[in-house]
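Results of the structural survey
The residues making up each chain are set out below.
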Amino acid sequence: NLWRPEVDAILQLQPTNQTAVMTLLRMANTPAALAEFTNTLATLRSRSGDHSVFILAEGELAMRRGDQAAGMAAIRQALEKDPGSIFANLTLGGI
């Protein structure tokens, strides 16, 4: 993907950048890309802690796997951590 180097550069400087994390998630549209995103997410989380954007990304991954209950729980948890998260609010509003 043409945007991957730019997104990676942003995440090197700001591992909790919501736009970069969610863009990376949206680009993960094959099983291999999803596996790579899952690994990247784990790395970012280990460096930066339990930030709301990581919880939200895990919720969206759960929804993709068809686990609606886990997905909704994660989205709500992300909103509890960061009520002003545009991505979390948009995700919840889009369900």
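So, here's what we can say about the structure. (Residues numbered from 1 in each chain as written. Predicted model: local features only at pLDDT ≥ 70, side-chain atom pairs only at ≥ 80, totals over all residues. Heavy atoms only, no water.)

Here we take up the nonpolar core. By size, the foremost hydrophobic cluster in this structure holds 23 residues, and its most contacted members are Leu11, Val21, Phe37 and Leu41. Contributing elements (two or more residues each) for this core: helix 1 (4-13), helix 2 (18-27), helix 3 (31-48), helix 4 (52-64) and helix 5 (68-81). Not counting the four nearest positions on each side in its chain, Leu41 is found in contact with Val21, Phe54, Ala57, Glu58 and Leu61. (Core = buried A, V, L, I, M, F, W, Y, C linked by side-chain atoms within 4.5 Å. Buried < 20%, exposed > 50% of the residue type's maximum accessible area, 1.4 Å probe, protein only. Helix = DSSP H or I, 4+ residues; strand = E, 2+ residues; numbered from the N terminus. Contact = heavy atoms within 4.5 Å.)

Next up on the list: the pattern of salt bridges. Here the structure, examined in full by the defined rule, presents five salt bridges. Residues Asp8 and Arg4 are paired through a salt bridge, measuring 2.9 Å at the closest nitrogen-oxygen approach. Highlighted residues: Asp8 and Arg4, both in helix 1, separated by four residues, approximately one helical turn. For Glu36, the salt bridge goes to Arg4, with nearest N and O atoms at 3.3 Å. A residue pair is termed long-range when its members are at least 10 positions apart, and Glu36 in helix 3 and Arg4 in helix 1 qualify at 32 residues. Taking the relative accessible area as the measure of exposure, Glu36 reaches 41% and is therefore partly exposed. Via salt bridges that share partners, Arg4, Asp8 and Glu36 belong to a single interconnected network. (Salt bridge = Lys/Arg side-chain N within 4 Å of Asp/Glu carboxyl O.)

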